[in-house]
Amino acid sequence: MSVGVIGMWVLALGALFLCLRRSPSVARRAVGEAGTSLTRVAPVMLMALPMAAFVAELIPDGWAERWLGPDSGATGVLLATLAGSVLPGGPFVAFPLVLGFLKSGAGPAQMVALISGWAVLGLHRTLSWELPILGPRFILLRLSASLVLPFLAGMAAQALLPFFPGAAIR
């Protein structure tokens, strides 16, 4: 178990303690809501994690290294940004795919750009959530302001790599 997971457990148990302190009924309600959320998310996790692992294994030999490898430079960062922006799904899909790309020879800077493109641009979220809720003017403003951020993050990661030896090794 990682330090991050242990930290999340500590925070969750601390929040439960605070709920119990407020009242047992508040704690029961919170645990019930957590259980409901878990029942909604569990089927997605059980499908998405193996699917991402299978897709990662289907990446042709040499493809990730050629197009998204450490030597692909700014072109690889740009391709990764574009790929991340159109990558559908949540973290249960995106992160295992990034791990698969890394294992297939993709560069860490390129994967920073991919994750940033997915998180910042996320066209599937933009079209399904932002457009109907916030409208096209807001989308244009947000995308205009943030379009270059994933590429810059990838290039910054490339410059910072000497300070993080082994960053791509899991």
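Scroll up a little and you will see the structure.
Residues numbered from 1 in each chain as written. Predicted model: local features only at pLDDT ≥ 70, side-chain atom pairs only at ≥ 80, totals over all residues. Heavy atoms only, no water.

Structural notes on the overall build of the protein
The criterion, for reference: By definition, any uninterrupted DSSP run of H or I lasting at least four residues is a helix, any uninterrupted run of E lasting at least two residues is a strand, and each is numbered from the N terminus. A 1.4 Å probe rolled over the protein chains alone gives each residue an accessible area, and that area as a share of the maximum for its type sets the label: buried under 20%, exposed over 50%, partly exposed in between. Per-residue and other accessible areas were derived by the Shrake-Rupley procedure at a 1.4 Å probe size, with only the shown protein chains allowed to occlude residues. Charged-residue counts in this description rest on Lys and Arg as positive and Asp and Glu as negative, His and the chain ends being excluded. The location of each charge is read from NZ of Lys, CZ of Arg, CG of Asp or CD of Glu.
Helix and strand counts for the protein stand at nine helices and zero strands. Written out in order from the N terminus, the α and β elements of the protein read α-α-α-α-α-α-α-α-α. Dimensions along the principal axes, computed over C-alpha positions, put the protein at roughly 55 × 45 × 30 Å. The buried share among the 170 residues of the protein stands at 28%. Accessible area for the protein stands at about 11200 Å²; split by element, carbon and sulfur atoms hold 75% of it. When the 11 basic and 6 acidic side-chain charges of the protein are each reduced to a single mean position, those positions are 20 Å apart.

So, the packing of aromatic side chains
What counts, and what does not: Any Phe, Tyr or Trp ring, taking Trp's six-membered ring, that has another such ring centre within 6.5 Å forms a pair; planes under 30 degrees apart are called stacked, those over 60 apart edge-to-face, and the others tilted. Should the NZ of a Lys or the CZ of an Arg lie within 6 Å of a ring centre and within 35 degrees of the ring normal, that charge is described as sitting over the ring.
Counting across every chain of the model gives two aromatic pairs. Here Phe95 and Trp118 contribute two aromatic rings whose centre-to-centre distance is 5.5 Å and whose plane-to-plane angle is 70°, an arrangement assigned as edge-to-face. Within this pair, whereas Phe95 is found in helix α5 (residues 91-103), its partner Trp118 is found in helix α6 (residues 108-121), the two being separated by 23 residues in sequence. On the basis of relative accessibility, which here comes to 40%, the residue Phe95 falls in the partly exposed class. One Lys or Arg, Arg125, reaches over the ring of Trp118 and ends 5.3 Å from the middle of that ring.

Side note on a nonpolar patch on the surface
Selection rule: Patches here are clusters of residues that have more than 30% relative accessible area and form no salt bridge, with a 9 Å joining cutoff for like charges and a 5 Å cutoff for nonpolar side chains (Val, Leu, Ile, Met, Phe, Trp, Tyr). Note on definitions: salt bridges are taken to be side-chain nitrogens of Lys or Arg within 4 Å of carboxyl oxygens of Asp or Glu.
A contiguous nonpolar surface patch, about 900 Å² in accessible area, is contributed by Met1, Val5, Ile6, Trp9, Val10, Leu13, Leu16, Leu20 and Val31. With seven residues, helix α1 (residues 3-22) is the largest single contributor of residues to the nonpolar patch. Residue Leu20 is classed as partly exposed on the basis of its relative accessible area, which comes to 45%.

A word on the pattern of salt bridges
Inspection of the entire model under this criterion finds one salt bridge. Across the pair Arg142 and Glu130 runs a salt bridge whose closest N-O atoms are separated by 2.8 Å. Placement of the pair is Arg142 in helix α8 (residues 136-146) and Glu130 in helix α7 (residues 123-134), with a sequence separation of 12 residues. An identical accessibility class is assigned to Arg142 and Glu130; each is buried.

Quick word on the nonpolar core
Going by this rule: Joining through side-chain atoms within 4.5 Å is the link that ties buried Ala, Val, Leu, Ile, Met, Phe, Trp, Tyr and Cys residues into a set, and such a set is a nonpolar core. The contact criterion used is simple: two residues touch if any of their non-hydrogen atoms lie within 4.5 Å.
Counting 18 residues, the largest nonpolar core has Leu68, Leu87, Phe101, Ala106, Met111 and Leu114 as the members making the most contacts within it. For this core, the elements supplying multiple residues, two or more each, are α2 (24-57), α3 (63-68), α4 (73-86), α5 and α6. By residue number, the principal contributor to this core is α5, which donates five residues. Discounting residues that sit within four places of it in the chain, Leu114 has contacts with Ala80, Thr81, Ala83, Gly84, Leu87, Val98 and Phe101.

Concerning α2
Note the threshold: Here the expected span of a helix is defined as 1.5 Å times the quantity of residues minus one. Take the seven residues that end at a residue and the seven that start at it, fit an axis to each, and the angle between those axes is the bend at that residue.
A rise of 1.5 Å per residue sets the reference length of α2, with its 34 residues, at 50 Å; its end C-alpha atoms lie 47 Å apart and thus fit the reference within 8%. Largest kink in α2: about 30°, centred on Val41, with the proline Pro43 one to four residues after it. Buried residues belonging to α2 abut α1 and α5.

So, the packing of α6 against helix α9 (residues 149-160)
Relative placement of two packed helices is described by the angle separating their axes and the distance separating the axes. Using the following cut-off: Note on geometry: axes are C-alpha line fits, over the in-contact stretch for helices, and angles between N-to-C directions span 0 to 180 degrees. An angle below 35 degrees is read as roughly parallel, one above 145 as roughly antiparallel, one from 65 to 115 as roughly perpendicular, and any other as oblique. Put simply, a crossing is left-handed when the front helix is turned counterclockwise from the back one by less than a right angle, and right-handed when it is turned clockwise. Charged means Asp, Glu, Lys or Arg here, nonpolar means Ala, Val, Leu, Ile, Met, Phe, Trp, Tyr, Cys or Pro, and polar covers whatever is left, Gly included.
It is the contact of α6 with α9, at a shortest axis distance of 8 Å, that shows an interaxial angle of 155°. In terms of orientation, α6 lies roughly antiparallel with respect to α9. For α6 against α9, the interelement crossing comes out right-handed. Only Pro150, Ala153, Gly154, Ala157 and Gln158 of α9 make contact with α6, whose side of the interface consists of Ala109, Gln110, Val112, Ala113, Ser116, Gly117, Val120 and Leu121. Counted by class, the contact of α6 with α9 contains eight nonpolar, five polar and no charged residues.

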